[in-house]
Amino acid sequence: MKALVLSAGVRPAGYSIPRQIVPIANKPVLEYVVENLRDVGITEIGIVVGDSGQEISELFGDGSYLGVSITYIKQDLPLGVAHCVRIARPFLGDDDFVLYLGDNVLADGIGQVADEFARLRPTAQVLVDKVEDPRLYGVAEVDENSRVTRLIEHPQEPRTDLALIGVYFFTPAIHAAVDAIEPSWRGEFEITDALQWLVSNERDVRARIYSGFWKDTARVEDVLECNRELLMGLRTDIQGIVDDESRLIGDVVVEEGARVVRSCIVGPAIIGAGTLVEESIIGPYTSIGADCRITESGVADSIVLNEASVHNVSGIETSLIGRRARVGSARQHRLVVGDGAHVDVAA
């Protein structure tokens, strides 16, 4: 079995970094995806990239450091998920494969659904979960035997609350479906239309409810929620320097080259390699990236990306501070600061 990971999406507003590689607990979202695939024995992975392809390939290379082999597939125009399957056909061949949206975090992995697909081998198997507003998703209607009877993308009047959550298992039959569909009203080749084609042609399409934590990282709030969830799995690991005047409470990771000076770190929290935390309080659920400077400040329930600096700011909470951003003497304590931005004496 192979995997096709989609990573050609948009960047968060104000950030030069693609959202698929925004670090959560100091690890890119896409790395969690690759690890989930590797953990079920899938090592041949195609990653569909757009304009951010070079940045992603520089980060992951050929995948060998993660124990996989990565092939990069360029999508020149954003023509939809099913279009990605179409252009990846030379890589996929006639193998079964997993289609995985690269900005989705599934904290408990995909082992159970992978086992079920291998045991039953339906034509296709989709992961679903109940959501509050199904209009924002592709939606599946399912019978009492977990067989899908109908799928629709972004329905205005959904008849079910079961949303597709971004992981699909396919046999090669999906290729005929992808070739058969036309662009939707959005101008995209929708994977839901391809799945509906299989259903309409009486193929076996099944749904499985995902019981673990999952989140699409499209919004800052979702990124921070993922950060909280994944940090809860940390165990204390001190590779850097913590001076005698500092306190660590709970599970805290201090990476190699980091220094904690006259500060208090309350876990779960992670301090990235080469970062200085001085005369500061880092509260729980905080990820500080590499080569940052946090001085005379308080930060909690936040993500600070690489090379950012925060000085003389108390009480920053539920914030996302971009790469190389500088925040000083800010009065607003819930911040979304883009890459390279400066925030100083804010009103």
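Our subject is the structure listed above.
This one's a predicted model, so the numbers in the text were calculated from it and none came from an experiment.

A. Structural context of the side chain of E116. Looking at where E116 falls in the secondary structure, it is placed in helix α5 (residues 111–120). Owing to a relative accessible area of 15%, E116 belongs among the buried residues under this scheme. Separated by 3.1 Å, the side chains of E116 and Q125 make a polar contact. Excluding its chain neighbours within four sequence positions, the residues that come into contact with E116 are R121, Q125 and R208.

B. Structural view of the nonpolar core. One finds L4, L99, F170 and L195 to be the most contacted residues of the largest nonpolar core, which totals 34 residues. With 5 residues, helix α7 (residues 191–200) is the single largest residue contributor to this core. Once residues within four sequence positions are removed from consideration, L99 is found in contact with L4, L6, V81, V85, G166, V167, Y168, F170 and I191. Judged by nonpolar contacts, the second largest core, of 31 residues, contains L30, I110, F117 and V131.

C. Highlighting the pairing of strand β9 (residues 138–142). Counted residue by residue, β9 has 4 buried out of 5 residues, so it is predominantly covered. Strand direction decides the pairing type here: β9 and strand β10 (residues 148–153), joined by 5 bridges, are antiparallel. Of the residues in β10, the one forming a bridge with V139 is I152. In this antiparallel pair of consecutive strands, β9 and β10, the connection spans 5 residues, and S146 shows a positive phi of 70°.

D. Region of the structure containing the sheet that holds strand β23 (residues 286–288). In spatial order, the strands read β14-β17-β20-β23-β26-β29-β31; together these 7 strands make up an open sheet with parallel pairing. A strand with exactly one partner marks an edge of an open sheet, and here the two such strands are β14 (237–238) and β31 (336–337). Pairing between strand β20 (residues 269–271) and β23: 3 bridges, direction parallel. From the neighbouring strand, A269 faces β23, where its bridge partner is T286. Here helix α8 (residues 220–231) sits on the sheet and contacts β20, β23, β26 (303–304), β29 (320–321) and β31; the angle it forms with β23, its principal contact strand, is near 95°.

E. Spotlight on the packing of aromatic side chains. What the rule picks out here adds up to 4 aromatic pairs. Here the aromatic rings of F117 and F169 are separated by 5.4 Å at their centres, their planes lie at 40°, and the arrangement is tilted. On the criterion of sequence distance, the pair formed by F117 in helix α5 and F169 in strand β11 (residues 162–170) is long-range, its members being 52 residues apart. F169 shares its class with F117; the two are buried.

F. View of the layout of surface pockets. By volume, the largest pocket is sized at about 1400 Å³. Around the largest pocket sit 50 residues that line it, and R19, L101, D103, N104 and D216 are the ones nearest its centre. Of all elements in the fold, only β1 (2–7), α3 (81–87), β8 (124–130), β11, α7 and β13 (214–216) reach the threshold of two or more residues within the lining of the largest pocket. Of the residues belonging to the lining of the largest pocket, the class tally is 20 nonpolar, 13 polar and 17 charged. If you add up the space inside the second largest pocket, you get close to 330 Å³. Along its surface, the second largest pocket is lined by 17 residues, and I21, P23, P28, L59 and N306 are the ones closest to its centre.

G. Structural context of the environment of E307. Summarising the element assignment, E307 is placed in the loop between β26 and β27 (309–311). Taking the relative accessible area as the measure of exposure, E307 reaches 45% and is therefore partly exposed. When the C-alpha positions of E307 and D339 are compared, they lie 9.9 Å apart, and in sequence the two are 32 residues distant. Each residue touching E307, except ones within four places of it in the same chain, is listed here: A290, D291, C292, R324 and A325.

H. Spatial organisation of helix α2 (residues 53–60). Three or more residues of α2 are buried, namely G53, I56 and F60. Across the axial projection of α2, the buried residues extend over an arc of 70°, all falling on one side. Every exposed residue of α2 that faces more than 90 degrees away from the buried side is listed here: Q54 and E58. The inward-facing, buried residues of α2 contact β1, β3 (27–28), α1 (29–39), β4 (44–49) and β5 (69–74).

The rules behind the values
Residues numbered from 1 in each chain as written. Predicted model: local features only at pLDDT ≥ 70, side-chain atom pairs only at ≥ 80, totals over all residues. Heavy atoms only, no water. Helix = DSSP H or I, 4+ residues; strand = E, 2+ residues; numbered from the N terminus. Buried < 20%, exposed > 50% of the residue type's maximum accessible area, 1.4 Å probe, protein only. Polar contact = N/O pair within 3.5 Å; in protein donor to acceptor, adjacent residues only side chain to side chain. Contact = heavy atoms within 4.5 Å. Core = buried A, V, L, I, M, F, W, Y, C linked by side-chain atoms within 4.5 Å. Pairing = 2+ DSSP bridges. Axes fitted to C-alpha atoms, helices over the stretch in contact; angles between N-to-C directions. Phe/Tyr/Trp six-rings, centres within 6.5 Å; stacked < 30°, edge-to-face > 60°. 1 Å grid on protein atoms, 1.4 Å probe; cavity = no way out; pocket = protein on both sides within 12 Å on 5 of 7 lines; lining within 4 Å. Points joined across faces, edges and corners; volume = space filled by probe spheres on them. Nonpolar A, V, L, I, M, F, W, Y, C, P; charged D, E, K, R; others polar. Arc of directions from axis to C-beta.

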